[in-house]
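Listed below, chain by chain, are the residues.
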Amino acid sequence: MKKFVALVGTNTVKSTNRKLLKYMQKRYAEDAEIEVVELKGLPIFKKTEEVFIPQQARDIAEKIDASDGVIIGTPEYDHSIPALLSSALAWLSYGIHPLMDKPVMIVGTSYGTLGASRAQAQLRQILDSPELKATVLPSSEFLLGHSLQAFDENGDLVSATESQKLDGLFDDFLEFVALTEQLDNSKKLHEQEAANFTWDNGTTGDDK
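This one's a predicted model, so the numbers in the text were calculated from it and none came from an experiment.

### Observations concerning the packing of helix 1 (residues 16-27) against helix 5 (residues 160-180)
Moving on, step 1. Two elements in contact, helix 1 and helix 5, have axes whose closest approach is 12 Å; the angle formed by their N-to-C orientations is 70°. Taken together, helix 1 and helix 5 sit at an angle that is classed as roughly perpendicular. Note on packing geometry: the crossing formed by helix 1 with helix 5 is right-handed. Side by side, helix 1 and helix 5 meet where Leu20, Tyr23, Met24 and Arg27 of the first sit next to Ser163, Leu166, Asp167 and Phe170 of the second.
Moving on, step 2. Grouping the constituent residues of the contact of helix 1 with helix 5 by class yields five nonpolar, one polar and two charged.

Written out as structure tokens, the structure reads:
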């Protein structure tokens, strides 16, 4: 059975993204072991001379390292991912690289109609950055709009159509994970590139 880490990309107490990840954990229990992991409590990313990494970030990295893949649930704030998720990804690419070549599935919920579509697009770009280099499930989006009305009292999706759509994407992710396990020819190169990468060589736009 595959083992996945599901990252809750928000610290909101009553997050519908958390609710969606817990629904997936329950719905796909016979297909995969999904551990829902909170990012809440992580400090804002800060570069230090000694390359200090918080223990919580190290613990999350260990869970990701031991997993077969990662599922990220993100809301959308101001057309982008939350600061908490952005900061977490920065910690997870600062001297450590647990997401390197790791299969990733992105899901998102929003109170409005769009289902975090712009945040998901931004997250894809971030995950493809030189320091992260995750392997994101292509051509797939699970965009759950009007999420406050999307779940019943048991935490299940109300819409059979949305459930079927999620089922199809999750099946695709399982196949994608199996496929990526065979694509390891460039993994060592990616790891070396990430270890040597720095924004301090004159590239603009950055100052981790």
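Here the narrative resumes, following the displayed structure.
### Some remarks on a negative patch on the surface
Moving on, step 1. Together, Glu30, Asp31, Asp171, Asp172 and Glu175 make up a region of like negative charge exposed at the surface.
Moving on, step 2. Examined against the element boundaries, glutamate 30 turns out to sit in the loop between helix 1 and strand 2 (32-38).
Moving on, step 3. Given a relative accessible area of 75%, glutamate 30 falls into the exposed group.

### Some points on helix 2 (residues 55-65)
Moving on, step 1. Restricting attention to buried positions, one finds in helix 2 the residues Ala57, Ile60, Ala61 and Ile64. Projected down its long axis, helix 2 carries its buried residues within an arc of 105°, all on one side.
Moving on, step 2. Looking at the buried positions of helix 2, the neighbouring elements they touch are strand 1 (2-8), strand 2, strand 3 (69-73) and helix 3 (83-91).

The rules behind these values
Starting afresh in each chain, residues are numbered from 1 along the sequence in its written order. The model is predicted, so local features are restricted to residues of pLDDT at least 70 and side-chain atom pairs to those at 80 or more, both for listing and for counting; the totals for chains, interfaces and linings are taken over all residues. Here the side-chain values reflect all heavy atoms present in the structure, with hydrogen atoms and water set aside. Where helices are involved, their axes are fitted lines through C-alpha atoms of the stretch in contact, as for all axes, and angles between N-to-C directions lie from 0 to 180°. Where helices and strands are cited, they refer to DSSP runs of H or I of at least four residues and of E of at least two residues respectively, numbered from the N terminus. Each angle is binned into one of four classes, with values under 35 degrees roughly parallel, values over 145 roughly antiparallel, values of 65 to 115 roughly perpendicular, and all other values oblique. Here a crossing is taken to be left-handed if its near helix is turned anticlockwise relative to the far helix by less than a right angle, and right-handed if that turn runs clockwise. Contacts between residues were defined by any pair of non-hydrogen atoms, one from each residue, lying within 4.5 Å. When residues are sorted by character, Ala, Val, Leu, Ile, Met, Phe, Trp, Tyr, Cys and Pro go into the nonpolar class, Asp, Glu, Lys and Arg into the charged class, and all the rest, Gly among them, into the polar class. A residue counts toward a patch only above 30% relative accessible area and without a salt bridge, and it is joined to like-charged neighbours within 9 Å or, for Val, Leu, Ile, Met, Phe, Trp and Tyr, to nonpolar neighbours within 5 Å. What sets the accessible areas is the Shrake-Rupley method with a 1.4 Å probe; for residues, cover comes only from the shown protein chains. Salt bridges, as used here, are contacts in which a Lys or Arg side-chain nitrogen is within 4 Å of a carboxyl oxygen on Asp or Glu. By the counting scheme adopted, Arg and Lys are positive, Glu and Asp are negative, and His together with the chain ends is not counted. For the purpose of locating charges, the reference atoms are NZ of Lys, CZ of Arg, CG of Asp and CD of Glu. Three labels apply to residues, based on accessible area from a 1.4 Å probe with only protein chains included: buried if under 20% of the type maximum, exposed if over 50%, partly exposed otherwise in between. Note that the arc is defined by the directions from the helix axis to the C-beta atoms.

Read these as spatial facts, not as claims about activity.
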